[in-house]
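Analysis of the macromolecular model
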Amino acid sequence: EYFAKTVPAFMNENKITPADKGTATHRFLQFCDFTVCKTEPEKERDRLLRENKLSELFALNVDMESIRTFFNSSVTQRIEKAEAVYREKQFTLSKSICELDSTIPKAFADEKTVIVGKIDLIFIEDGQAVILDYKTDNVKNTDILAKRYSEQLDLYSEAVEKALNIKVKERILYSLTLKEYVNV
C-alpha cells in the first residue's frame, strides 16, 4: 500500500513528507525519556536534537501536542507501573507462505519466508505482555487503523509469545493523529 510513496531525498530537500513525519515521531518515541516527556516534551526533543538522535528537520516536525497528549494518557500511566518495558524490540519469525497468503496453493506449504520486524513498545503487566504500536496515519477513526493493522499485530503477538515465552494479553494501536487508542 505504501510502496514508492516517498520522494528521493535530492528532490525533497528541506521538505518533509507525511511518512517522514511518522518516522520523526517514531524516532522521538524510541529515544525519549518517558518521565521527562510527561511534563516537558520540548525539553526532551531539544536533548535528542543535541545528541543527534533527531535531525533538525525531524525535531521541528514532531507534533509536540500529540506527544504531550500521549504522555498524559491512561496507556502511559500503565507503562509507568509496568514490570518491564521493551522499546523497539526486534524480532524474526519463520512462517509458511501459505499462512501469510491464503491464495497460495497448499502444495507450497513447506515453503517458508522469514519476517523481520520491530515492535514499537512492549510492556509487561501482571506477568503478561501488552503490545503498543504507534501510528501516525492520517485517518478519520481508529476503526480504520484496527482493520488496517490487525494482521501486523497478529504477527507481533506470535513473535512476542515465542521470544518472551509469555502470553500477550492486549494489543493497542495508539493514533498520534487522532490522539486516541484502540484495542485490537
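All of the points below concern the structure found in this document. (Residues numbered from 1 in each chain as written. Predicted model: local features only at pLDDT ≥ 70, side-chain atom pairs only at ≥ 80, totals over all residues. Heavy atoms only, no water.)

Glancing now at the overall build of the protein chain. Looking only at helices and strands, the protein chain has eight helices and five strands in total. When the helices and strands of the protein chain are read in sequence order from the N terminus, they spell out α-α-α-α-α-α-β-α-β-β-α-β-β. Rg of the C-alpha trace for the protein chain: 18 Å, near the compact-globule value of 16 Å for 184 residues, within the 12% margin. Along the first, second and third principal axes, the C-alpha atoms of the protein chain reach 55 × 45 × 30 Å. Residue burial in the protein chain is summarised as follows: out of 184 residues, 39% are buried. In the protein chain, 64% of the contacts between residues at least 6 apart in sequence involve partners at least 24 apart. A total accessible area of about 10,800 Å² is found for the protein chain, and carbon and sulfur atoms account for 49% of it. (Helix = DSSP H or I, 4+ residues; strand = E, 2+ residues; numbered from the N terminus. Rg over C-alpha atoms; globule rule 2.2 N^0.38 Å. Buried < 20%, exposed > 50% of the residue type's maximum accessible area, 1.4 Å probe, protein only. Contact = heavy atoms within 4.5 Å. Areas by Shrake-Rupley, 256 points an atom, 1.4 Å probe, with all protein chains shown as cover.)

Quick look at the nonpolar core now. Soluble globular proteins: nonpolar side chains tend toward being buried together. Counting residues in each nonpolar core, the largest one holds 26 residues, and the members touching the most others are Phe-28, Leu-29, Phe-71 and Leu-132. Here this core gets four residues from one element, more than from any other, and that element is helix H5 (residues 64–71). If sequence neighbours within four positions are ignored, Leu-29 has contacts with Phe-34, Ile-67, Phe-70, Phe-71, Arg-87, Tyr-134 and Leu-176. Judged by nonpolar contacts, the second largest core, of 19 residues, contains Phe-91, Ile-124, Val-168 and Val-182. (Core = buried A, V, L, I, M, F, W, Y, C linked by side-chain atoms within 4.5 Å.)

Turning our attention to the environment of Leu-48. For Leu-48, the location among the structural elements is in helix H3 (residues 41–50). With a relative accessible area of 0%, Leu-48 lands in the buried category. When the C-alpha atoms of Leu-48 and Lys-106 are compared, they prove to be 49 Å apart, with 58 residues separating the residues in sequence. Here Leu-48 is in contact with Phe-28, Phe-31, Cys-32, Lys-53 and Leu-54, once residues within four sequence places are set aside.

Moving on: the packing of H3 against H5. Remark: H3 packs on H5, axes separated minimally by 10 Å, with the N-to-C direction vectors making an angle of 115°. Taken as a pair, H3 and H5 cross one another with a handedness that is right-handed. Listed contacts from H5 to Pro-41, Glu-42 and Arg-45 of H3 are Met-64, Ile-67 and Arg-68. Of the residues belonging to the contact of H3 with H5, the class tally is three nonpolar, no polar and three charged. (Axes fitted to C-alpha atoms, helices over the stretch in contact; angles between N-to-C directions. Left-handed = near helix turned anticlockwise from the far one by under 90°. Nonpolar A, V, L, I, M, F, W, Y, C, P; charged D, E, K, R; others polar.)

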